[in-house]
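Working through the structure, step by step
Listed here are the chains, written in short residue letters.
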Amino acid sequence: MTRPSTEPTVIRRKEVAVAGISESREDEFPSTSSETAQQPIGSTIVLEPRHLRVTYGKGSHAVTAIADITFQVRAGEFLSIVGPSGCGKTTLLKSLSGLLRPTSGDVLVNGTRVDTASQGLAMVFQEYTRSLLPWLSVRANVEFPLRGSRRTDGRKAVERRADEALAEVGLHGVGDKYPWQLSGGMQQRVAIARALAFRPTVLLMDEPFASLDAQARSDLEDLLLKVHLETGMTIVFVTHDIDEAVYLGDRVVVLSHRPTEVKASLDVDLPRPRDQIETKTLRRFVELRTEALGLVLAERSTEAPA
Amino acid sequence: MRAKAGHLLTVLLLPVTLPVLWWVASSRSSTPYYPPLQEILRGFRAVWTREQLAGELVPSLVSLVVGFAVAVAVGVGGGVALGLSDRLRRDVRPLTEFLRAMPVVALIPIALVLLGPGMRMEIALIAFAACWPVLVSTADGVRAADEVMLDTARIFGVPPRRRLMHVVLPGAMPQVMAGARIAVAAAVGTMVVANMVASSAGLGYLVISAQQSFNVIETWAGLLMIGIVGSCMTSAVVLIERFVLRWHRRWRAQDVDT
Ligand SMILES: Nc1ncnc2c1ncn2[C@@H]1O[C@H](COP(=O)(O)OP(=O)(O)OP(=O)(O)O)[C@@H](O)[C@H]1O
Ligand SMILES: [Mg+2]
């Protein structure tokens, strides 16, 4: 469980004042003034799967989930990943996070090969009820990854980080509740807060809003955009919802069906900050959406029979 | 409120009505083997003098509590090991199945040979009998640890020890406690039997020697005390369970709701 020397967590905090958050940390990009500015994407590559291949099982039962995936995620980028269901999106995220050892190829985080989990990445799962610990309060859940680990810098600091993260996701004052006393949307906010407090190099999200109702879902999409804008965090967001992928992302990577490869990478040149109604009625949004949809549908129809 | 009162009524129904029935049915009994409850209670107070409590009850309680504690420690420790390692579980399964199937009564002679009569032997037997339910259900609980929770902890770099203590074990706690509750019955039963056949003190010894000297009242009084000890022990475990799993009941309750 040793963390390699790639400690510097590449979080670019733009100094946008957030209610209840004391902005007092050393930032790589100090104050890029305006609130409406396009999120600056750095040139540093923070995450890079190279010729990733994952085969489950052996011999005649072998299933090649991922054939060959290579792409690059730059600091501060919001990367959406879409693909037909069962194409290996979860498998990809697990490999990126180090949970799953790829059959061949490798994953670089800040230029260093990943060989275990705990490379300073964080993951938000779709199954929030199974990801939050039901015997811990909301606050204790957020603090959990910070306690008893190398990243910890004292009880006070841990508490402050948890407070900030909870405030950031709009969960002021629910810290003492148990997660299961909250609605699904709020539980997923807790999971996001936990990831934020951890200050990961990259935040990985596996269909995080797929089991929420439409209202909670669009609320959380906008929350995530706000967090991205304010923290400049690098986010890799897997979804099967193409609208969502385009609405959120700086770029959409479209995966093929199994055995999976990168089929296309679309730059989303839509202005930020985005808005559920304004952005989605832009002609460019519709074009991008249609293009991505076409790519995914084509994959579905050419899918080899199972 | 009304539902609560109704619940209270059903809970109290048996413990209240049965003694009342016993009291009424036995009140005019004249056979010496089946004395009126009134006399048994009077006898109970006479039998359980301070010296008797110290001489017979306390040794039994000590064996019981120590034996049970050892059982829980061994059961949880072994259960965690078996739950974590599929290989270990497969390899030791024949042995555990064999030992588990062994009636603890059958072990008394050999325990007497190895440990001699007395508290050490009693504790060993109680621990042996009571550890299996804890061991088996702990292993199940550990094995059922939620993969998503564990993956989450792994990604955040939570070290293995901390994952065990803070993710796996709390998650297995409902099963551990269920095993412990079953283990209480096994422990009390073993204590009484060990007392009866191989001790010169303790609750079981008191009952059997009273019976052998045709002291029916004292036999009943001893029996009553065994019942009291058993239910106190069960209540204690239930109280601990309520405390340890205070999150769990409400969590389950809201699961049922939705
Ligand atoms: N542990 C495993 N053992 C064997 N096969 C697996 C395993 N996990 C996944 N697979 C297979 O690998 C393929 C990709 O699975 P994965 O869950 O990564 O897809 P996905 O794109 O996340 O699917 P979904 O859209 O349902 O979320 C599937 O065909 C699946 O059956
Ligand atoms: Mg998936």
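Residues numbered from 1 in each chain as written. Chains lettered and ligands numbered in written order. Predicted model: local features only at pLDDT ≥ 70, side-chain atom pairs only at ≥ 80, totals over all residues. Heavy atoms only, no water.

**Side note on the site of ligand 1**
Residues and elements named next belong to chain A.
- The immediate surroundings of ligand 1 are formed by Y56, A65, S85, G86, C87, G88, K89, T90, T91, E207 and R258.
- Interatomic distance of 3.1 Å between a backbone N/O atom of G86 and an oxygen atom of ligand 1.
- Side-chain polar atom of T90 to an oxygen atom of ligand 1: 2.7 Å apart, as the coordinates give it.
- Expressed as a share of its isolated accessible area of 630 Å², the protein-covered part of ligand 1 is 57%.
- Of the residues forming the shell around ligand 1, the biggest block, three residues, is contributed by helix α1 (residues 89-97).
- When grouped by side-chain class, the residues that make up the shell around ligand 1 number three nonpolar, five polar and three charged. (Near = heavy atom within 4 Å. Polar contact = N/O pair within 3.5 Å; in protein donor to acceptor, adjacent residues only side chain to side chain. Areas by Shrake-Rupley, 256 points an atom, 1.4 Å probe, with all protein chains shown as cover. Helix = DSSP H or I, 4+ residues; strand = E, 2+ residues; numbered from the N terminus. Nonpolar A, V, L, I, M, F, W, Y, C, P; charged D, E, K, R; others polar.)

**Considerations on helix α9 (residues 283-301) of chain A**
Residues and elements named next belong to chain A.
- The first and last C-alpha atoms of α9 sit 27 Å apart over 19 residues, in line with the 27 Å expected at 1.5 Å per residue.
- Among the residues of α9, F285, L288, A292, L295, V296 and E299 are the ones counted as buried. What you see down the axis of α9 is that its buried residues fit within an arc of 105 degrees, all on one side. Away from the buried face of α9 by more than 90 degrees, exposed residues R283 and S301 are located.
- Looking at the buried residues of α9, the elements they touch are β4 (78-82), α7 (242-248), β10 (251-255), β11 (260-267) and α8 (278-281). (Expected span 1.5 Å × (residues − 1). Buried < 20%, exposed > 50% of the residue type's maximum accessible area, 1.4 Å probe, protein only. Arc of directions from axis to C-beta. Contact = heavy atoms within 4.5 Å.)

**Details of the packing of helix α3 (residues 50-84) of chain B against helix α10 (residues 216-244) of chain B**
All names here are of chain B.
- It is at 12 Å that the axes of α3 and α10 come closest, and there the two elements cross at 35 degrees. Considering the relative orientation of α3 and α10, their crossing is right-handed. Where α3 approaches α10, its residues Q52, L53, L57, L61, L64 and F68 are matched on the opposing element by E218, M225, V229, M233 and V237.
- Looking at the contact of α3 with α10 residue by residue, the class counts come to nine nonpolar, one polar and one charged. (Axes fitted to C-alpha atoms, helices over the stretch in contact; angles between N-to-C directions. Left-handed = near helix turned anticlockwise from the far one by under 90°.)

**Side note on the confidence of the model for chain B**
Residues and elements named next belong to chain B.
- Averaged over every residue, the pLDDT of chain B is 89; residues scoring 70 or more account for 97%.
- Per-element confidence in chain B ranges from a low mean pLDDT of 70 for helix α11 (residues 246-257) to a high of 95 for helix α6 (residues 119-143).
- Two summary scores accompany this predicted model of the complex, namely pTM at 0.83 and ipTM at 0.81. (pLDDT = per-residue confidence, 0-100.)

**Topic: the confidence of the model for chain A**
- On average, chain A scores 84 in pLDDT, and the residues at 70 or more come to 83%.
- Taken together, the stretch residues 1-38 of chain A has pLDDT below 50 and engages in 74 contacts with residues farther than four places along the chain or on a different chain.

**Some details on the environment of B:F68**
Residues and elements named next belong to chain B.
- Summarising the element assignment, F68 is placed in helix α3.
- Its relative accessible area of 11% is what places F68 among the buried residues.
- With 63 residues separating them in the primary sequence, F68 and C131 have C-alpha atoms 7.9 Å apart.
- Contact partners of F68, with chain neighbours within four places excluded, come to S63, I126, A180, A183, V184, A187, M233 and V237.

**What to know about the domain arrangement of chain A**
Residue and element names in this part refer to chain A.
- Taken domain by domain, chain A consists of domain 1 (1-14 + 41-120 + 201-306) and domain 2 (125-199).
- Relative to domain 2, the C-alpha centre of domain 1 lies at a distance of 23 Å.
- Taken together, the 26 residues of domain 1 in the interface contact 16 residues of domain 2.
- Connecting domain 1 to domain 2 are zero salt bridges.
- The tally of links between domain 1 and domain 2 comes to three residue pairs in polar contact (both at pLDDT 80 or more).
- Secondary structure elements with two or more residues in the side of domain 1 that touches domain 2: β8 (202-206) and α6 (214-231).
- Ranked by residues supplied to the side of domain 1 that touches domain 2, first place goes to α6 with eight residues.
- Partitioned by chemical class, the residues of the side of domain 1 that touches domain 2 number 13 nonpolar, six polar and seven charged. (Domains from an automatic or database assignment. Salt bridge = Lys/Arg side-chain N within 4 Å of Asp/Glu carboxyl O.)

**Digging into the environment of B:L9**
- Structurally, B:L9 can be placed in helix α1 (residues 2-26).
- Spatially, the C-alpha atom of B:L9 lies 36 Å from that of B:A71, the residues being 62 residues apart in sequence.

**Observations concerning the packing of aromatic side chains**
- Within the structure shown, the criterion is met by eight aromatic pairs over all chains.
- Ring geometry for B:F128 and B:W132: centres 5.7 Å apart, planes at 85 degrees, overall edge-to-face. With B:F128 and B:W132 both in helix α6 and four residues apart, this pair spans about one turn of that helix.
- Assessed through its relative accessible area of 11%, B:W132 is described here as buried.
- Through a chain of ring-to-ring contacts, three or more aromatic side chains come together here, namely A:F78, A:F209 and A:F237.
- The ring centre of A:Y247 lies 4.8 Å from the NZ or CZ of A:K280, which sits over that ring. (Phe/Tyr/Trp six-rings, centres within 6.5 Å; stacked < 30°, edge-to-face > 60°. Lys NZ or Arg CZ within 6 Å of the ring centre and 35° of its normal.)

**Points about the UniProt feature "domain: ABC transmembrane type-1" (unreviewed entry) in chain B**
- Per the UniProt annotation, the sites labelled "domain: ABC transmembrane type-1" (unreviewed entry) are residues 57-241 of chain B.
- Helix makes up 87% of residues 57-241 of chain B and strand 0%, and the two end C-alpha atoms of the span are 25 Å apart. (UniProt positions renumbered as here; feature names shortened; annotations may be inferred.)

**What to know about the packing of helix α9 (residues 203-212) of chain B against α10(B)**
Residue and element names in this part refer to chain B.
- With their axes 8 Å apart at the nearest point, α9 and α10 run at an angle of 160 degrees to one another. The angle between the axes of α9 and α10 places the two elements in the roughly antiparallel class. Seen along the crossing, α9 lies across α10 with a hand that is left-handed. Seen from α9, the contacting residues are L203, L206, V207, A210 and Q211; seen from α10, they are E218, T219, G222, L223, M225, I226 and V229.
- Counted by class, the contact of α9 with α10 contains eight nonpolar, three polar and one charged residues. (Parallel < 35°, antiparallel > 145°, perpendicular 65-115°, else oblique.)

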